[in-house]
Amino acid sequence: MLIGGEAVDSAETLEVEDPATGRRIAEVALAGPEHVTRAVASARATFDDGEWRWLSSAARSRLLLSIAQTVERHAEELAQLDALDAGLPISMARAYLTASIESVEYAAGIPARIAGETLPPASMRGDQFQAQVLREPLGVVGLIVPWNTPVSTAIDKVALGLATGNTVVLKPAEQTPLSALRLGELLLEAGLPPGVLNIVPGLGAVAGAALVEDPQIDKISFTGSTVTGKRIIAAAAANLTPVSLELGGKSPNVVFADADLDAAIEAAATNAFFLSGQVCTEPSRMFVQRPAYDEFLSGLCAAAEAFPVGSPLDPATLAGPLVSRAQRERVLGYIESGRREGAVVASGGTAIDGPGYYIAPTVLTGTTPDMTVEREEVFGPVVSVTPFDTIDEVIARANDTTYGLAAGVWTNDLRIAQRMTRELQAGNVWVNCFNLYDAALPFGGYKQSGWGRESGAAAIELYTQTKTVAAATLPPRPLVSPTQTTVANPSPTPNEVTQP
Ligand code: NAI
Ligand code: MG
């Protein structure tokens, strides 16, 4: 693990598994609570020391650009680590890294944008004050990330934490520690001072919990399941540690009959099944207007059957294995519960034979809003398709969920698009596209999909706090000077130019 710029070992180890083969490929040091305490102390000392938080904005930007370049030089290596460790298809791993390099470049522009305010003079009981609002880093930020796109989620969070002047402790998911550890080495190489970034690969319930409970932590930024998010809030309550959360989803994707159906079907299949559905925004509930329903369903099923499922190292693959045996069991359990509760499997529905934790892309029909598979986040290659008749009906159905991360709308009718984008209860709404991300755009969830918006300018607020400063001033005096008092009727001197 990485503490205070040093590679630190542990008596206990964490086994690293390749989910495409089920083979053990590495062992890393397992962080226990004592390591988390040390990592937080290192981040605390580095923050309190002052050099890091007082770094000029130019120097901070330069460092972030150096990080972007270093990550870019090693992007292929990081992509391969995630392909091996998480089963992330290599082409997708590369695409996520490209986006994360852009996020770091965007973050390099943040230091220059962190500004306070000078306000009109304040007064209290007749005395005058000059008021200022300073924007300052929070201090030590704990970053807890999941296993679906391991290194890019880590990079995005680390970049925001550093751009805003905080020091950080990163806890990767226990299923996927490798790329985060390599990232730590690379950032030191890029010039990051020791202690600014500390990395503790450990179990969620042990190292993750220790990080959240540490009284020296000033904020937790978490991406993962809603269940764990709730647990983190409960634990953070002890110290009133602020928490921002990017949680799960059950995103609706609504296709109107007037839409470009070919484009809608292609995007539906790609976004439902890439990464085997282990994506928080997965359009897992498809609603299709009745005249287009049959064509959409048969198109989606055909795309599901032809979907490039395979080895994560094959560049043609878009869906690799589930991250672990436990995740595969969990997803198969959801498919089974759907069957039991009356859903029909229109495509897939089974594990794929062989080593590795694969599941065939799965399409369900006949689901109702009360079914478990329709209510809970499956986080696997499983979607339902449901017909609808009217816009009112589909708005109610799309919003009938405790989640609110994302939603898609497919139509060529501007009026339908306008109404839908207003009515859908989701932090991200995509019209005639899906999964459009950009470092400049805020990303986050309504309802139980999260707290806060973790990109774009919104991130500045999430990683900083303001301090209001009021300083007493001398009371105001009239600005009239003694010489000006005689200017009322000036007698022009000979060499003065008289205005017309
Ligand atoms: P998880 O949400 O428990 O894990 C995410 C991260 O949180 C990991 O780093 C884990 O070590 C950490 N963690 C776990 N318990 C913690 C605790 N008590 N305190 C602090 N940190 C803790 O997800 P898990 O269990 O790996 O996957 C289960 C389900 O969660 C999936 O099937 C999926 O439905 C959902 N999930 C959703 C994600 C999303 O982005 N929407 C990402 C990962 C999982
Ligand atoms: Mg692994």
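Bear in mind that the values here come from a model prediction, so they are computed numbers and not experimental data.

Colleague: Which parts of the structure should I look at to understand the site of ligand 1?
Modeller: As a matter of local geometry, ligand 1 sits amid 24 residues, with Trp-147, Glu-174, Ser-225, Thr-228 and Arg-330 nearest to it. Taking Trp-147, its side chain carries an N or O atom lying 2.6 Å from an oxygen atom of ligand 1. Within the side chain of Thr-228, an N or O atom sits 2.8 Å from an oxygen atom of ligand 1. A total of 800 Å² of accessible area belongs to ligand 1 in isolation, and the protein chains cover 90% of it. Put simply, the parts of the chain that give the shell around ligand 1 at least two residues each are helix H7 (204–213), helix H8 (226–236) and helix H11 (325–340). Of all the elements, H7 adds the most residues to the shell around ligand 1, at 3 residues. Of the residues belonging to the shell around ligand 1, the class tally is 12 nonpolar, 8 polar and 4 charged. Both domain 1 (2–247 + 449–468) and domain 2 (252–438) contribute no fewer than three residues apiece to the shell around ligand 1.

Colleague: Looking at this model, I keep getting lost on unusual backbone geometry. Mind explaining?
Modeller: Backbone phi values are negative for most residues with the exception of glycine, while trans is the configuration of most peptide bonds. One non-glycine residue with positive phi stands out, namely Ser-276, at about 50 degrees. Structurally, Ser-276 can be placed in the loop between helix H9 (261–273) and strand E14 (285–289). According to the relative accessible area criterion, Ser-276 is buried, its value standing at 1%.

Colleague: Would you explain the packing of aromatic side chains in this entry?
Modeller: Two aromatic rings, taken as a pair, are described by how far apart their centres are and by the angle between their planes. Using the criterion set out here, one finds 6 aromatic pairs in the structure. Ring geometry for Trp-430 and Tyr-437: centres 6.0 Å apart, planes at 85 degrees, overall edge-to-face. Under the relative-accessibility criterion, Trp-430 is labelled buried at 6%. For Tyr-437, a relative accessible area of 38% corresponds to the partly exposed category.

Colleague: What am I meant to see in a nonpolar patch on the surface here?
Modeller: Together, Ile-25, Leu-84 and Leu-313 make up an exposed nonpolar region whose accessible area comes to about 230 Å². For Leu-84, the position within the fold is in helix H3 (residues 75–86).

Colleague: Looking at this structure, how should I read the side chain of Ser-179?
Modeller: Secondary-structure assignment places Ser-179 in helix H6 (residues 178–189). Within the local environment of Ser-179, its side chain forms a polar contact with the side chain of Asp-82, the two groups lying 2.7 Å apart. Excluding residues within four positions of it along the chain, Ser-179 makes contact with Leu-78, Leu-81, Asp-82, Pro-150 and Val-151.

Colleague: Can you help me understand the domain arrangement of the chain in this one?
Modeller: According to the domain assignment, the chain consists of domain 1 (2–247 + 449–468) and domain 2 (252–438). Placing the centre of domain 1 and that of domain 2 at their C-alpha centroids yields a distance of 31 Å. Carbon and sulfur atoms supply 63% of the area that domain 1 and domain 2 bury against each other, a total of about 2,100 Å² over both sides. Counting only elements with at least two residues in the side of domain 1 that touches domain 2, the list comes to H3 and helix H4 (90–108). If one sorts the elements of the side of domain 1 that touches domain 2 by residue count, H4 sits on top with 4 residues. For the side of domain 1 that touches domain 2, the per-class residue count stands at 12 nonpolar, 11 polar and 3 charged.

Colleague: What is the right way to look at the sheet that holds strand E19 (residues 428–431) in this model?
Modeller: Across the sheet, 7 strands lie side by side as E15-E16-E17-E14-E13-E18-E19; this open sheet has mixed pairing. Pairing within the sheet leaves two strands with one partner each, and these edge strands are strand E15 (344–347) and E19. The average angle at which neighbouring strand axes cross in this sheet is 25 degrees, direction not considered. Where E14 and strand E17 (residues 382–388) come together, 5 bridges link them in parallel fashion. Each bridged residue has a counterpart across the sheet, and for Val-288 the counterpart in E17 is Pro-387.

Colleague: Explain the pairing of strand E11 (residues 219–223) here, please?
Modeller: Along any regular strand the residues' side chains alternate between the sheet's two faces. In terms of burial, E11 is a largely internal element, 5 of the 5 residues being buried. Residues of E11 alternate between two faces, with Lys-219, Ser-221 and Thr-223 on one and Ile-220 and Phe-222 on the opposite face, all of them buried. Relative to E11, strand E8 (residues 140–144) runs parallel, the two being bridged by 4 bridges. Residue Gly-142 lies in a different strand from E11, and its bridge partner there is Ile-220. Following the chain from E11 across H8 to the adjacent parallel strand E12 (residues 243–246), one finds a crossover that is right-handed.

Colleague: What is the right way to read the coordination of the magnesium ion (ligand 2) from this model?
Modeller: Octahedral metals with six donors have ideal donor angles of 90 or 180 degrees. Tetrahedral metals with four donors have an ideal donor angle of 109.5 degrees. Distances from the magnesium ion (ligand 2) to its protein donors, namely Glu-17 (O), Asp-85 (O), Asp-85 (OD) and Gln-175 (O), fall within the range 2.2 to 2.5 Å. Ordering the donors of the magnesium ion (ligand 2) by residue number gives the pattern E-x67-D-x89-Q. Of this pair, Asp-85 sits in helix H3 while Gln-175 sits in the loop between strand E9 (167–171) and H6; the two residues are 90 residues apart in sequence, bridging distant segments of the chain. For Gln-175, a relative accessible area of 26% puts it in the partly exposed group.

Colleague: Looking at this model, I keep getting lost on the pattern of salt bridges. Mind explaining?
Modeller: Pairing is possible between side chains that carry opposite charge, provided their charged atoms lie close to one another. Counting across every chain of the model gives 17 salt bridges. In this structure, Lys-157 engages Glu-454 in a salt bridge whose closest nitrogen and oxygen atoms are separated by 3.0 Å. Taken together, the positions of Lys-157 in helix H5 (residues 150–163) and Glu-454 in the loop between strand E20 (450–451) and helix H15 (458–462) put the pair 297 residues apart, joining distant regions of the chain. Across this residue pair, the class does not change: Lys-157 and Glu-454 are buried. Glu-374 is the partner of Arg-397 in a salt bridge, and the nearest nitrogen-oxygen pair spans 3.7 Å.

Colleague: What is the right way to read the environment of Pro-312 from this model?
Modeller: Looking at the element boundaries, Pro-312 is found in the loop between helix H10 (290–305) and H11. A residue is classified by how much of its surface remains accessible, and Pro-312, at 3% relative accessible area, is buried. Separated by 24 residues in the primary sequence, Pro-312 and Val-288 have C-alpha atoms spaced 32 Å apart. Beyond its immediate sequence surroundings of up to four residues, Pro-312 is in contact with Ala-20, Ala-83, Gly-87, Leu-88, Pro-89, Ile-90, Pro-321 and Tyr-358.

Colleague: What is the right way to look at the side chain of Glu-282 in this model?
Modeller: In this fold, Glu-282 is placed in the loop between H9 and E14. Despite its burial, Glu-282 pairs with no opposite charge, the nearest such side chain being Lys-250 at 6.2 Å. Leave out the neighbours within four places in its chain, and Glu-282 touches Ser-251, Asn-271, Ala-272, Gly-277, Gly-380, Pro-381, Val-382 and Val-383.

Cut-offs applied
Residues numbered from 1 in each chain as written. Chains lettered and ligands numbered in written order. Predicted model: local features only at pLDDT ≥ 70, side-chain atom pairs only at ≥ 80, totals over all residues. Heavy atoms only, no water. Near = heavy atom within 4 Å. Polar contact = N/O pair within 3.5 Å; in protein donor to acceptor, adjacent residues only side chain to side chain. Areas by Shrake-Rupley, 256 points an atom, 1.4 Å probe, with all protein chains shown as cover. Helix = DSSP H or I, 4+ residues; strand = E, 2+ residues; numbered from the N terminus. Nonpolar A, V, L, I, M, F, W, Y, C, P; charged D, E, K, R; others polar. Domains from an automatic or database assignment. Buried < 20%, exposed > 50% of the residue type's maximum accessible area, 1.4 Å probe, protein only. Phe/Tyr/Trp six-rings, centres within 6.5 Å; stacked < 30°, edge-to-face > 60°. Patch = residues over 30% accessible without salt bridge, like charges linked within 9 Å, V, L, I, M, F, W, Y side chains within 5 Å. Salt bridge = Lys/Arg side-chain N within 4 Å of Asp/Glu carboxyl O. Contact = heavy atoms within 4.5 Å. Buried area = accessible area lost by both parts, 1.4 Å probe. Pairing = 2+ DSSP bridges. Axes fitted to C-alpha atoms, helices over the stretch in contact; angles between N-to-C directions. Right-handed = clockwise from strand over helix to strand, strands pointing away. Donors = N, O, S within 2.8 Å, 3.2 Å for Na, K, Ca; no water. Lys, Arg positive; Asp, Glu negative; His and termini not counted.

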